[in-house]
Amino acid sequence: QMCIRDRPLVAILLLAAAPVRAAEQGTVQAIIPWEGEGRVFQIDTRRVQFLGELEGVMYVENAEGQMNEGFVQCPIVQMMDLETGTTEAFGHCEITASPDDVVYAQLSCKGKIGDCAGKFILIDGEGRFAGISGEGKLRVRSPLHALAADLGSGAVVRVAAGLAVIKDLKYSTP
């Protein structure tokens, strides 16, 4: 039978036997086929603003060809200048690999309506992604440009298909 004075020794042995999460770093490629929903608002004579959400499944492939996936939800704000055909977007994403393993990221891009290029930045995580950081090149394709000019202010928009590609997403965990 174990006596009380042996408990600290047992606790130290258990801690020593617990697996230590090793720091990890690498570069992956990712693609997100997405659907979007939100509202479009006329904000002046030439610009409209989209407030909505993109969601889909993120497929991530590492250098060895292994593929993983996670569910993605991204609230997003996009400004579109209908006169110049330019756009700018900013948003945040929650990428859920499992109920305990989540990555938080932000995205930003600029370009022409329907084709936006910028950055995808990993800002935080939970579970095996706790403390994750990194970034990659983002390109977002959307059919929204075909809809934006014909919508009234406050109109609800549902985009059935879009695509986000993240190239050379470098990441590290502590």
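Attention here is on the structure that accompanies the text. (Residues numbered from 1 in each chain as written. Predicted model: local features only at pLDDT ≥ 70, side-chain atom pairs only at ≥ 80, totals over all residues. Heavy atoms only, no water.)

**Things to note about the overall build of the chain**
Within the chain one finds 2 helices and 8 strands. Per-residue burial for the chain yields a buried fraction of 33% across its 174 residues. Within the chain, counting contacts between residues at least 6 apart in sequence, those at least 24 apart form 55% of the total. Of the roughly 10400 Å² of accessible surface on the chain, 56% is carried by carbon and sulfur atoms. (Helix = DSSP H or I, 4+ residues; strand = E, 2+ residues; numbered from the N terminus. Buried < 20%, exposed > 50% of the residue type's maximum accessible area, 1.4 Å probe, protein only. Contact = heavy atoms within 4.5 Å. Areas by Shrake-Rupley, 256 points an atom, 1.4 Å probe, with all protein chains shown as cover.)

**A look at a nonpolar patch on the surface**
Together, Ile 31, Tyr 59, Met 67 and Leu 163 make up a nonpolar patch on the protein surface, roughly 320 Å² of accessible area in all. Relative to the elements of secondary structure, Tyr 59 occurs in strand β2 (residues 47–61). (Patch = residues over 30% accessible without salt bridge, like charges linked within 9 Å, V, L, I, M, F, W, Y side chains within 5 Å. Salt bridge = Lys/Arg side-chain N within 4 Å of Asp/Glu carboxyl O.)

**Brief notes about the pattern of salt bridges**
When the charged atoms of two side chains with opposite charge come close together, those side chains can pair. Counted under the stated rule, the structure contains 6 salt bridges. For the salt bridge of Asp 81 with Arg 46, the shortest nitrogen-to-oxygen distance reads 2.7 Å. Of the two residues, Asp 81 sits in strand β3 (residues 67–81) while Arg 46 sits in the loop between β1 (24–42) and β2, which places them 35 residues apart along the sequence. Under the relative-accessibility criterion, Arg 46 is labelled partly exposed at 33%. For Asp 115, the salt bridge is made with Arg 141, and the minimal N-O distance between the two is 3.7 Å. With Asp 115 in strand β6 (residues 115–126) and Arg 141 in strand β7 (residues 133–141), this residue pair connects regions lying 26 residues apart in the sequence. Residue classification places Asp 115 among the buried residues on the basis of a relative accessible area of 14%. Salt bridges sharing common partners tie together Asp 115, Arg 139 and Arg 141.

**Some remarks on the environment of Met 58**
Along the polypeptide, Met 58 turns up in strand β2. Residue class for Met 58 comes out buried when judged on its relative accessible area of 4%. Through-space distance from the C-alpha of Met 58 to that of Pro 33 is 7.3 Å; in sequence the pair is 25 residues apart.

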